Amino acid sequence: MLANLGNGILMKNRIKVFRAMYDLTQENLASNLGVTRQTILAIEKGKYDPSLELAFRIARFFKVNVEEVFLFDETGDNMKLP
Amino acid sequence: MKRNTFYLLLGVIVIIEILVLAWSLENHIGPIVEISVLIGIIIAYVARRNVTDIIDDERTAKITEKAALKTFQIFWIVFFIFSTGALMNIIGPPQEPAISHYPHPPPPPMFPFPTPISIPPWRVFGFVQLLLLAMLIFLYVGFRIYYARKFGEWDTDEEQD
């Protein structure tokens, strides 16, 4: 559930948790969002960071704010001010 | 049309194209291949538009975009080098015929490659063009596989059958 953005900053997401809460399969969620199942799987595994639009659509689908689904890891060294 | 039906259709088109290519090579009819490739691409394009399943989304678009960009970045270098060499051949000084050091006529060319002199220039051009096209396709497929793997195209999990 961690996605490395290439600069050491990590993005986390809780899609799997929300899917479990709503009792949804990846296929169900994917078809509701208009993407492939592999995309949902890739996001869950942290292999792919969704676009801002898709991130918002996922959050809206689960009726939560985007920050509740996607978490920005601010503990990394890259977040320190120069 | 379902996604798998589309892929099946693509396979059938490819097989037909190969058969047409073999037939036209045997009968030395070039335009048949060109026309059949064009028809095949049109059929594939129309079929793709009629696929009801989702086969494209932002992740696949990103994979395609990255693969295409990398292919272009490498291909233009190779193409530039080749074109520069070709340009030098065109505008350079006329080449002197090679002096034969053989006391007798040179041996016949090795099969299946004839001597370059025996091939008309437009055929050489066509052959090189084909090689460049093959390189382009290999580069694209290679990068596509690389990025598809990177963005989790073939990942599996507990939901997979």
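As a reminder, the structure under discussion sits directly above these lines.
A quick note: this is a predicted structure, and the numbers were derived from the prediction, not measured. (Residues numbered from 1 in each chain as written. Chains lettered and ligands numbered in written order. Predicted model: local features only at pLDDT ≥ 70, side-chain atom pairs only at ≥ 80, totals over all residues. Heavy atoms only, no water.)

Draft legend 1. Region of interest: the environment of K63 of chain A. Topologically, K63 of chain A is positioned in the loop between α4 (52-61) and α5 (66-69). A sequence separation of 15 residues divides K63 of chain A from Y48 of chain A, and the C-alpha atoms of the two residues are 22 Å apart. (Helix = DSSP H or I, 4+ residues; strand = E, 2+ residues; numbered from the N terminus.)

Draft legend 2. Main features of the packing of aromatic side chains. All names here are of chain A. Taken as a whole and judged by the stated rule, the model has 9 aromatic pairs over all chains. Look at Y22 and F62: their rings are 5.3 Å apart centre to centre, the planes differ by 45°, and that puts the pair in the tilted class. Residue Y22 is found in helix α1 (residues 15-22), and its partner F62 is found in the loop between α4 and α5; the two are separated by 40 residues along the sequence. By relative accessible area, which is 1% here, F62 ends up buried. Put simply, the rings of F18, Y22, F61 and F62 pair up and form one aromatic cluster. (Phe/Tyr/Trp six-rings, centres within 6.5 Å; stacked < 30°, edge-to-face > 60°. Buried < 20%, exposed > 50% of the residue type's maximum accessible area, 1.4 Å probe, protein only.)

Draft legend 3. Here's a closer look at unusual backbone geometry. In this structure, D23 of chain A takes a positive phi of about 55° despite not being glycine. Of note, D23 of chain A is situated in the loop between α1 and α2 (26-33). We classify D23 of chain A as exposed; its relative accessible area is 70%. The backbone of H28 of chain B shows a phi angle near 55°, a positive value even though the residue is not glycine. Of note, H28 of chain B is situated in the loop between α1 (3-27) and α2 (30-49).

Draft legend 4. Structural detail: the pattern of salt bridges. Summed over all chains, the structure comprises 5 salt bridges over all chains. Linking E44 of chain A and R19 of chain A is a salt bridge whose minimum nitrogen-to-oxygen distance equals 2.5 Å. Here the residue E44 of chain A occupies a position in helix α3 (residues 37-44), and R19 of chain A occupies one in helix α1, the gap between them amounting to 25 residues. Each member of the pair, E44 of chain A as well as R19 of chain A, is classed as buried. Residues R59 of chain B and E153 of chain B are paired through a salt bridge, measuring 3.0 Å at the closest nitrogen-oxygen approach. Taken together, the residues R59 of chain B in helix α3 (residues 58-91) and E153 of chain B in the segment after α4 (121-150) connect sequence positions 94 residues apart. (Salt bridge = Lys/Arg side-chain N within 4 Å of Asp/Glu carboxyl O.)

Draft legend 5. Inspection of the interface of chain A and chain B at higher detail. Tallying the contact residues gives 21 residues for chain A and 18 residues for chain B. Summed over both sides, the interface of chain A with chain B buries roughly 1,600 Å², with 42% coming from carbon and sulfur. Among the residues of chain A in contact with chain B, Q38, K47 and Y48 of chain A are the three that bury the most area, contributing 36% of the side total. In this structure, the connection of chain A to chain B is made through 1 salt bridge. Ionic pairing is found between K47 of chain A and D155 of chain B, a salt bridge with its closest N-O pair at 2.8 Å. Those elements giving two or more residues to the side of chain A that touches chain B turn out to be α1, α2 and α3 of chain A. Here the residues of the side of chain A that touches chain B sort into 7 nonpolar, 8 polar and 6 charged. (Contact = heavy atoms within 4.5 Å. Buried area = accessible area lost by both parts, 1.4 Å probe. Nonpolar A, V, L, I, M, F, W, Y, C, P; charged D, E, K, R; others polar.)

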